[in-house]
Amino acid sequence: MQRSIFIIRIAVIGSLFCVGFIALGAHIYNLQITRHEELLTKAREKYTSASTHRGERGEIFDVSGNLLAANRAEYDVLAEPRRFRNRSPEKLARELSDILPVDFNTLYRRFTDSSRIEVVAARGISREKSEEIASLGIPGLRLVPTTRRYYPKDNLFANIVGFLDDREKGAAGVEKTMDRELTATSDRGLYERDRLGVRLSNGFRPPRGMDGSRVYLTIHEPIQSIVEEKLMKMVEKHRPRAAYAVMAHPRTGAVMAMVQWPNFDPNNRFNITPEQWRNRIVSDGFEPGSIMKGISIAGALDFNIVSLDDEYDCEQGMWYYRGYPLRDAGYSHGIMPVWDIIKKSSNIGTAKIAIDVGEKRMYQTLHRFGFGRPTGIELPHEAPGIFHPLSGWDGLTLSRISIGHAILTTPLQIVQAYCALANDGLIP
């Protein structure tokens, strides 16, 4: 009897142990397998932290490595007015307006804005100013380190380099066309910490934010400075509405200087207008006039239609073609060789040469020099000019386009065409 009771007790206890082990196994399975991802995420929130790092925007240099666009370390001042304690917003706004580049009314309006917990007191203050703010020890103010785009040459390269918008994206010039290459990348780094928040050496993955690429231009700073100086003397003397100058290497077409007036200071853009910041050298169109004659005659020479010693009658300054007059302004020339027609800039002589060349070959000449299409320079808003297709030419076009009328070109197109002349060849 007693033996049977003992066996029953053992069986019951054994069954309870089995049930307990099964329940424990199921619980462990639930924790380790079923809820693994959930619990792992919660655990990581307890012992890991993240830090974000963003690289710096790429710098821009001239051909010799002179810095044209850089990043300057600055600070933003943020304010949490509810933590000002015993300082009134009015008193604090008056005190800070003497230090920050923000007026009292603006600061007071921001500090009394009840719809926001934290407001921006000022952006882009220098390190010296930030140290002065920190020394005040005002609760509710904090300094956030940041960088701002800075242009050390002020307005010298403004229309080439361009500037950024309020989202730190390229808005004009090289800053816009090369924005993808210049833009930095950001990354989050993860690290483990103990219960006191101290970072542990193991389990750390540093952030891998990359700086933007550096960009080198073909511009030469010394040449740019000289060209600007000469241009400004001309502006002071003649007071034009606008002026520009370009210098390019004839062998490569590389732009060595590109200056215009009016321009602007990219570090201070509060009052700039599109007339100042747009690059007229690539966006403005004009009838080139007499500067087209050398290009037209180059085509005649290239097609072996004429030689420099061939002679043409310039009609003593007045000639009718298809019933319409063509004059040599201020001159009365007779028979002249081609080289003298170029030298004296004769409208009549050039037009007669163009007629011998013919419409098709003249069109090919101007097309091969690059008119009617962008040069491909990496600046935004480049205009192609206006160069009508051959089907759009009338009976007078040939005699007029050869002397720079009936066509619209940009300053850069003309410069590139003359680079081809100076290089003893045509742009393909």
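Calculation criteria
Residues numbered from 1 in each chain as written. Predicted model: local features only at pLDDT ≥ 70, side-chain atom pairs only at ≥ 80, totals over all residues. Heavy atoms only, no water. Helix = DSSP H or I, 4+ residues; strand = E, 2+ residues; numbered from the N terminus. Buried < 20%, exposed > 50% of the residue type's maximum accessible area, 1.4 Å probe, protein only. Contact = heavy atoms within 4.5 Å. Areas by Shrake-Rupley, 256 points an atom, 1.4 Å probe, with all protein chains shown as cover. Core = buried A, V, L, I, M, F, W, Y, C linked by side-chain atoms within 4.5 Å. Salt bridge = Lys/Arg side-chain N within 4 Å of Asp/Glu carboxyl O. Patch = residues over 30% accessible without salt bridge, like charges linked within 9 Å, V, L, I, M, F, W, Y side chains within 5 Å. Phe/Tyr/Trp six-rings, centres within 6.5 Å; stacked < 30°, edge-to-face > 60°. Lys NZ or Arg CZ within 6 Å of the ring centre and 35° of its normal. pLDDT = per-residue confidence, 0-100. Pairing = 2+ DSSP bridges. Polar contact = N/O pair within 3.5 Å; in protein donor to acceptor, adjacent residues only side chain to side chain. Arc of directions from axis to C-beta. Axes fitted to C-alpha atoms, helices over the stretch in contact; angles between N-to-C directions. Left-handed = near helix turned anticlockwise from the far one by under 90°.

A look at the overall build of the chain
- A count of helical and extended segments in the chain gives 17 helices and 15 strands.
- A total of 428 residues make up the chain; the buried ones form 38% of that total.
- Here the analysis covers contacts within the chain between residues at least 6 apart in sequence; of these, 68% occur between residues at least 24 apart.
- Here the chain has roughly 24,800 Å² of accessible surface; of this, 53% comes from carbon and sulfur atoms.

Quick notes on the nonpolar core
- Membership of the largest hydrophobic core comes to 26 residues, with the highest contact counts inside it found for I353, M362, L366 and F371.
- Look past the residues within four positions of I353 in its chain and what remains in contact with it is I297, A300, V306, Y312, V338 and I341.
- V161, L164, V174 and V215 belong to the second-largest nonpolar core, a separate cluster that totals 25 residues.

Points about the pattern of salt bridges
- Under the counting rule described, the total for this entry stands at 22 salt bridges.
- Where R167 meets D165, a salt bridge forms, and the shortest distance between an N and an O atom there is 3.7 Å.
- With its nearest N and O atoms 2.8 Å apart, the salt bridge here joins R280 to E275.
- Here the salt bridges share partners, and the residues they tie into one network are R57, R149, K169, E175 and D179.

Quick word on a nonpolar patch on the surface
- A surface patch of nonpolar side chains, amounting to about 530 Å² of accessible area, comprises I13, F17, F21, L24 and I28.
- Position of I13 among the secondary structure elements: in helix α1 (residues 2–34).

A short note on the packing of aromatic side chains
- Inspection of the entire model under this criterion finds eight aromatic pairs.
- Between the aromatic rings of F104 and Y108, the centroid separation amounts to 5.9 Å while the plane-to-plane angle is 20 degrees, which identifies the pairing as stacked. Of the two residues, F104 and Y108 are both situated in helix α4 (residues 104–111); the distance of four residues between them amounts to about one turn of the helix.
- An aromatic cluster is built from F163, F264 and W277, whose rings are joined through pairwise contacts.
- The cationic tip of R94 hangs over the ring face of F104; the distance from NZ or CZ to the ring centre is 4.1 Å.
- In this structure, K352 is placed above the aromatic ring of W319, and the distance from its NZ or CZ to the ring centre is 5.3 Å.

Regarding the confidence of the model for the chain
- Residue-level pLDDT values for the chain average 87, and 88% of them are 70 or greater.
- Per-element confidence in the chain ranges from a low mean pLDDT of 64 for helix α2 (residues 36–47) to a high of 97 for strand β2 (residues 60–61).

Describing the pairing of strand β10 (residues 243–248)
- Of the strand pairs in this sheet, β10 and strand β11 (residues 255–261) are connected by six bridges, and their pairing is antiparallel. Pairing of A248 across the sheet is with V255, part of β11.
- In this structure, the hairpin formed by β10 and β11 is closed by a connection of six residues, where G253 is found at a positive phi of approximately 80 degrees.

Some remarks on helix α14 (residues 347–357)
- Counting buried positions along α14 gives nine out of eleven residues, so the element sits mostly inside the fold.
- Buried residues of α14: N347, I348, G349, T350, A351, K352, I353, A354 and V357, and no others.
- Where α14 begins, the capping side chain belongs to S346, and its oxygen is found 3.4 Å from the backbone nitrogen of I348.

Some words on helix α15 (residues 359–368)
- The complete set of buried residues in α15 reads M362, T365 and L366. Buried residues of α15, viewed axially, fall in a sector of 90 degrees; they line one side.
- Where α15 is buried, its residues meet α12 (293–302), α14 and α16 (397–401).
- With its phi angle positive at about 100 degrees, G370 sits one or two positions after the end of α15.

Brief notes about the packing of α12 against α14
- Contact geometry for α12 and α14: axes closest at 10 Å, N-to-C directions at 35 degrees. Seen from above, α12 lies across α14 with left-handed handedness. Of the residues in α14, those in contact with K293, S296, I297 and A300 of α12 are N347, T350, I353 and V357.

Let's talk about the side chain of S346
- Inspection of the secondary structure assignment puts S346 in the loop between α13 (338–344) and α14.
- Only 2.9 Å separates the side chain of S346 from the side chain of D328, close enough to count as a polar contact.
- Apart from the residues within four sequence positions on either side, S346 is in contact with K293, C314, D328, M336 and I341.

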